[in-house]
Amino acid sequence: MCRHFIIPDSLRATKNTVYCIKCDHCDWKDMSVDTNNYDQWLNRACEQCGHNLLTEHDYKFVKLLEKLSGVINVIWLPVMLLRSFTKLVLGVSAPKVTFNEYEVKMDGVSQPKMVLKK
Ligand SMILES: [Zn+2]
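So, how was this worked out
What you see as residue numbers is a count from 1 along each chain, following the sequence as written. In keeping with the predicted nature of the model, local features appear solely for residues at pLDDT of at least 70, side-chain atom pairs appear and are counted solely at 80 or more, and the whole-chain, interface and lining totals rest on all residues. Secondary structure elements follow DSSP: runs of H or I no shorter than four residues count as helices, runs of E no shorter than two count as strands, and numbering proceeds from the N terminus. The size measure is the radius of gyration over C-alpha atoms, and the globule rule it meets is 2.2 Å times the number of residues to the 0.38 power. The contact rule is simple: place each C-beta atom from the backbone, and if two of them lie within 7 Å, those residues are in contact. Every residue is assigned a pLDDT by the predictor, reflecting its confidence on a scale from 0 to 100. Any helix carries an expected span of 1.5 Å times its number of residues minus one. To obtain the bend at a residue, axes are fitted to the seven residues ending there and to the seven starting there, and the angle between these axes is taken. Exposure criterion: with C-beta atoms placed from backbone coordinates, a residue whose C-beta has 20 or more other C-beta atoms within 10 Å is buried, one with 12 or fewer is exposed, and one in between is partly exposed.

## Remarks on the overall build of the protein chain
Part 1: The helix and strand inventory of the protein chain stands at one helix and four strands.
Part 2: Relative to the compact-globule value of 13 Å for 118 residues, the protein chain shows a C-alpha radius of gyration of 18 Å, a clear excess of over 25%.
Part 3: Each principal axis of the C-alpha distribution contributes one length, and for the protein chain these read about 60 × 35 × 25 Å.
Part 4: Of all intrachain contacts in the protein chain linking residues separated by at least 6 positions in sequence, the fraction that spans at least 24 positions is 45%.

## Some words on the confidence of the model for the protein chain
Part 1: Across the protein chain, the average pLDDT comes to 84, with 95% of residues at or above 70.
Part 2: Taken element by element, the protein chain is modelled with least confidence in strand β3 (residues 102-105), mean pLDDT 80, and with most confidence in strand β2 (residues 29-30), mean pLDDT 91.

## Brief notes about helix α1 (residues 56-88)
Part 1: Compared with the 48 Å implied by 1.5 Å per residue over 33 residues, the 45 Å span of α1 between its first and last C-alpha is a close match.
Part 2: Taking the largest bend as the criterion, α1 deviates by roughly 50 degrees, centred on W76, and proline P78 comes between one and four positions later.

## Regarding the environment of A94
Part 1: Among the structural elements, A94 can be located in the loop between α1 and β3.
Part 2: Leave out the neighbours within four places in its chain, and A94 touches R83 and T86.

## Overview of the environment of M31
Part 1: Mapped onto the elements of the fold, M31 is located in the loop between β2 and α1.
Part 2: The exposure class assigned to M31 is exposed, which follows from the 9 C-beta atoms found within 10 Å.
Part 3: Taking the C-alpha atoms as reference, M31 lies 14 Å from E47; in sequence the two are 16 residues apart.

Right under this line is the structure:
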């Protein structure tokens, strides 16, 4: 996927957000972590118990999800542009398209699990 092709948030069908990092062995977590600094946590030890907070496997999976999200946004771009056009130019709101929101749970050992958010 072309890294220089940036789609504005208003035209994105999906959004991939890392919003925290937590230890799988104790209750330590940092809610200030986001997508932009996630790589800084790779193979870093938990401050409380020393367990690896982000394995290479889980980090690669997060990067894969980011790429997948980019592909989905490119595929949906014509639909999102048409929706914006009909609203801005014609003044007609197209039927709302809703997407389910999933939370990805990773523990560094087993396969990541995608859980539907309620
Ligand atoms: Zn820990």
